[in-house]
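# Structure assessment
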Amino acid sequence: MSVPPDADNPFARRDKPLGSEPWFNPEAVTEQKREWLEQQRKVQETAATWPEHIFENFFVLGLPPDIELTQVAEQLCERERKQRPHHAEADDDSELGGKEQLQPPQPSFAPQVLFRYPPGSAAAISDAEVASLAFPSGVSPEKLRRSASLSSLDEVIMGRDSDQQQQCFVFMIKVADNFPLYGCCWYVREMLHRPPYLARGRFRSCRAPFRQCMIAAPRCYCLLSRYPFFELHFRVLKIVLDLERLERLLEYDSEKSALPAPSFGASMVQRMSGDLSADLCRTITHLVQADSTSLLAAYRSSPVPLPGEMYRLTLGDLYRLEFERSLPSQQYAPPGRSKLQQDVLRMADVECAQQLQLWTVAALCRSLSLDNIITLLNAAVLEKQMVVFCPHIGTLAAVVLALVPLLRPFAWQSLMLPVTPDSMLGFLEAPVPFVLGVQYKTAAVASRCHELLRVNVYKNAIKNASFPSLPNSRQLMQVLAPHHAALCEAAPLAVERPVHVITPDEEAAASHFLAVAHDYMSKLCGDLRLHTIVNVGMSKRTGVFMRDALIESRPAKDRPFLRAFTETQMFNVYADGVISDYCEA
């Protein structure tokens, strides 16, 4: 979530464009801007420093195992009774299938924090906020089919999911003049009445056999961090989940072995070994004794690598993690490159774009047609109020976050929530530009969205897209088309892996797609220095951008877009950086 920069900036938004008044006094405007720049320098004197820890907090969230199971079971049975008469119709009625995308699964319950690390430490956001962001529409349990072989229970214990793409997602919260906060989340289906292994000390009484209650529910394992090391964070989460899954497996196997009859064939450990990571299989005996808390403690206390350094984490003979923290790329660096190393907040934004660039753009191209992607980018450049709908949370978050690298060298300056909880839907009526990701377009949500630009990912459709078009958008689409097609071809196989994991071919196609987009965006408004008046008579050079001069220098067909674009906060922040560089060079 990003709050617009200081509203006192006289150059952020003006009722009348700069230079459009009947009588324009450049000296007065120059003096006004000089005073504002001096105020900004004083604010920046207290330089921000990189956060101390590689991650802030770790959470396990979901429904508590000591919840009243009878009430949950009754509501699930009631849902089955309501759905049974319509089951045959739903299979044949495609329109009904579309309507199902509008409503969250029912019944739904409020999530809670089941475990946190470090214990007792204050998080940047409250437990309730973390829980709502992890489960935007609440937690929906499911009733498992009971059979003699307990096959549905086996599937949950072994952690098998048919759509792995939607198991992982990233949420982001950003407040002006502070580091963004990222939440790397991983969903796992677990038996509702049994606690996660990490939380077993809190729920000591919840030790009933796995087969006693055939109700499963998703739980979310979440790392909060100020660093956008998404690949590394998810690798740590994967190890934690492997340890949790192995512990469940061993307990479940022990329960089955104690049963007098019938024989269940091969041991669950033997069957499970094919699903575990190869390095963990080699040390399965040691894994039984391993402790996820030790891994989290070692990860949090390890030194954060500087840009350009290699990060290494080794814990005994079990874990060896390596991650190279990239240097800031010129492709994503905003104006003021000479100061980028000193301005860590700006560098953090560049690093975020770099770490998001490939996998989010790959997900975007798999989800929307190229024409709709250009429309989405067009709306973002003009700072329109947008809401993105998709019931699949991994895809939803990736589509929204793809705008971060696509907009570079410009940067979104207002409200952005890749995942919007029900408790934050009031932002749909905010009087500022925003991009909100919403899972379900319920009647209450739809009533607030009539005037907004609506991106329906599950329909590959965009509504209310009425605004000046990007210059030369057709030529841009022609260059992007082969790269978009290459990413679309990978869509059928994408469900077999988490959304942040892509193949080398997808990496290459996404890289080419972004290179074309960046070249286009960097030339969108040309060289602003040609339309800047510089006062050199003072000790500090100060420049004033002549907006109308830029607009008049462009072909008539492009002027409506450029006139709207130059009124955005995004453009003004970029222009201030360009002029500042020009004056201080």
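Here, the structure is the one placed above.
The structure presented is a predicted model; accordingly, all values stated were derived computationally and were not measured.

Rules of the game
- Residues numbered from 1 in each chain as written.
- Predicted model: local features only at pLDDT ≥ 70, side-chain atom pairs only at ≥ 80, totals over all residues.
- Heavy atoms only, no water.
- Helix = DSSP H or I, 4+ residues; strand = E, 2+ residues; numbered from the N terminus.
- Contact = heavy atoms within 4.5 Å.
- Areas by Shrake-Rupley, 256 points an atom, 1.4 Å probe, with all protein chains shown as cover.
- Axes fitted to C-alpha atoms, helices over the stretch in contact; angles between N-to-C directions.
- Parallel < 35°, antiparallel > 145°, perpendicular 65-115°, else oblique.
- Left-handed = near helix turned anticlockwise from the far one by under 90°.
- Core = buried A, V, L, I, M, F, W, Y, C linked by side-chain atoms within 4.5 Å.
- Buried < 20%, exposed > 50% of the residue type's maximum accessible area, 1.4 Å probe, protein only.
- Pairing = 2+ DSSP bridges.
- 1 Å grid on protein atoms, 1.4 Å probe; cavity = no way out; pocket = protein on both sides within 12 Å on 5 of 7 lines; lining within 4 Å.
- Points joined across faces, edges and corners; volume = space filled by probe spheres on them.
- Nonpolar A, V, L, I, M, F, W, Y, C, P; charged D, E, K, R; others polar.
- Phe/Tyr/Trp six-rings, centres within 6.5 Å; stacked < 30°, edge-to-face > 60°.
- Lys NZ or Arg CZ within 6 Å of the ring centre and 35° of its normal.
- Salt bridge = Lys/Arg side-chain N within 4 Å of Asp/Glu carboxyl O.
- Expected span 1.5 Å × (residues − 1).

What follows covers the overall build of the protein. Of regular secondary structure, the protein possesses 22 helices and 15 strands. Nonlocal contacts in the protein, meaning residues at least 24 apart in sequence, comprise 75% of its contacts between residues at least 6 apart. Of the roughly 26300 Å² that the protein leaves accessible, carbon and sulfur atoms contribute 51%.

Let's shift gears to the packing of helix 12 (residues 344-367) against helix 14 (residues 393-401). One way to put it is that helix 12 packs onto helix 14 with a least axis distance of 8 Å and a crossing angle of 115°. Taken together, the axis directions place helix 12 and helix 14 in an arrangement best described as roughly perpendicular. The hand of the helix 12/helix 14 crossing is left-handed. Residues Leu356, Trp359, Thr360, Ala363, Leu364 and Ser367 of helix 12 lie in contact with helix 14, whose contacting residues are Thr395, Ala398, Val399 and Leu401.

Our focus in this paragraph is the nonpolar core. Within the largest apolar cluster, 112 residues are counted, with the highest numbers of intra-cluster contacts made by Phe58, Tyr299, Met386, Leu407, Leu524, Leu528 and Phe565. Apart from the residues lying within four places of it in its own chain, the contact partners of Phe565 are Val381, Leu382, Phe410, Leu524, Cys525 and Phe571. Listed in part, the 30 residues of the second largest apolar core include Phe109, Cys213, Ile215 and Ala217.

Below, the discussion takes up the pairing of strand 15 (residues 542-545). On any regular strand, side chains alternate: one points to one face of the sheet, the next to the other face. By the alternation rule, side chains of strand 15 split into Thr542 and Val544 and Gly543 and Phe545, which are all buried. Relative to strand 15, strand 14 (residues 532-535) runs antiparallel, the two sharing four bridges. Counted as the bridge partner of Asn535 is Thr542 from strand 15.

With that out of the way, let us pick up the sheet that holds strand 10 (residues 415-417). Across a sheet, strands are paired by hydrogen bonds formed along the backbone, either parallel or antiparallel in direction. What the five strands build is an open sheet, ordered 10-11-9-12-13; its pairing is mixed. Looking along the sheet, the strands with just one partner apiece sit at the ends: strand 10 and strand 13 (461-463). Between one strand axis and the next, the sheet turns by 15° as a mean value, whatever way the strands run. Pairing analysis gives three bridges linking strand 10 to strand 11 (residues 434-438), with the strands arranged parallel. Residue Met416 lies in a different strand from strand 11, and its bridge partner there is Val435. Packed onto the sheet, helix 13 (residues 370-381) meets strand 9 (386-389), strand 12 (453-456) and strand 13 and runs at close to 35° relative to strand 13.

Here we take up unusual backbone geometry. Here the amide bond leading from Tyr117 into Pro118 is cis, since omega sits at -5°, within 30 degrees of zero. Among the secondary structure elements, Pro118 is positioned in the loop between strand 2 (112-117) and helix 5 (127-134). In this structure, Glu383 is a non-glycine residue whose phi angle is positive, near 55°. Its location among the elements puts Glu383 in the loop between helix 13 and strand 9. Classification of Glu383 by relative accessible area gives buried; the value is 8%. Even without a glycine there, the phi angle at Asn460 is positive, about 55°. Of note, Asn460 is situated in the loop between strand 12 and strand 13. Residue classification places Asn460 among the partly exposed residues on the basis of a relative accessible area of 32%.

Attention shifts here to empty space enclosed by the protein. Empty space among the atoms becomes apparent when a probe as large as a water molecule is rolled across them. Using the criterion set out here, one finds six cavities of 30 Å³ or more in the structure. Estimates place the volume of the largest cavity at around 120 Å³. As for the largest cavity, its lining consists of 14 residues, and the residues nearest its centre are Pro195, Pro196, Tyr197, Arg248 and Glu251. Residue assignment for the lining of the largest cavity shows that the elements contributing at least two residues are strand 5 (181-191) and helix 7 (230-258). The element best represented in the lining of the largest cavity is helix 7, accounting for four residues. Residue composition of the lining of the largest cavity, grouped by class: five nonpolar, no polar and nine charged.

Before going further, it helps to spend a moment on helix 11 (residues 292-301). Working note: α-helix, 3.6 residues per turn, so residues spaced by three or four point in the same direction. Taken together, the buried positions of helix 11 are Ser292, Leu295, Leu296, Ala298, Tyr299 and Arg300. Its buried side turned inward, helix 11 meets strand 1 (57-62), strand 2, strand 6 (215-225), helix 7, strand 7 (310-315) and strand 8 (319-324).

The relation between two aromatic rings is expressed through the spacing of the ring centres and the mutual angle of the planes. What the rule picks out here adds up to 18 aromatic pairs. Clustering of aromatic rings is evident, with ring pairs tying together Trp50, Phe179, Tyr227, Phe229 and Phe323. Here the guanidinium or amino end of Arg194 rests over the ring plane of Phe210, the centre of that ring lying 4.0 Å away.

A pair of packed helices is characterised by two quantities: the angle between their axes and the separation of those axes. One way to put it is that helix 13 packs onto helix 17 (residues 473-489) with a least axis distance of 10 Å and a crossing angle of 125°. The pairing of helix 13 with helix 17 is recorded here as oblique in orientation. Like other packed secondary-structure pairs, helix 13 and helix 17 cross with a definite hand, here right-handed. Note on element contacts: helix 17 touches helix 13 through Ser473, Arg474, Leu476, Met477, Leu480, Ala481 and His484, opposite Leu370, Asp371, Ile373 and Ile374.

Applying the stated criterion across every chain, the model contains 22 salt bridges. As a salt-bridge pair, Glu251 and Arg207 come within 3.7 Å of each other at their nearest N and O atoms. Taken together, the positions of Glu251 in helix 7 and Arg207 in the loop between strand 5 and strand 6 put the pair 44 residues apart, joining distant regions of the chain. Since its relative accessible area comes to 18%, Glu251 is described here as buried. With its nearest N and O atoms 3.0 Å apart, the salt bridge here joins Asp242 to Arg245. Placement of both Asp242 and Arg245 in helix 7 is noted, with a separation of three residues, approximately one turn of the helix. With relative accessibility at 11%, the residue Arg245 sits in the buried group. Sharing partners across several salt bridges, the network here consists of Glu190, Arg219 and Arg248.

Within the secondary structure, Ser367 is located in helix 12. Discounting chain neighbours no more than four positions away, the residues touching Ser367 are Thr395, Val399, Val457 and Asn460.

Turning next to helix 7. Taking 1.5 Å of rise per residue, 29 residues should cover 42 Å, and helix 7 covers 42 Å from first to last C-alpha, within 8% of that figure. Within helix 7, 22 of the 29 residues are buried, which leaves the element mostly enclosed by the surrounding structure.

Here we take up the pairing of strand 9. Residues Met386 and Val388 of strand 9 are buried on one face, and the alternating residues Val387 and Phe389, pointing to the opposite face, are buried as well. Alignment of strand 9 against strand 11, held across four bridges, turns out to be parallel. Bridge pairing in strand 11 places Val388 opposite Gly437. Two elements, strand 9 and strand 12, share four bridges in a ladder whose sense is parallel. Counterpart to Phe389 in the pairing with strand 12 is Asn456.

Nothing here speaks to function; it is geometry throughout.
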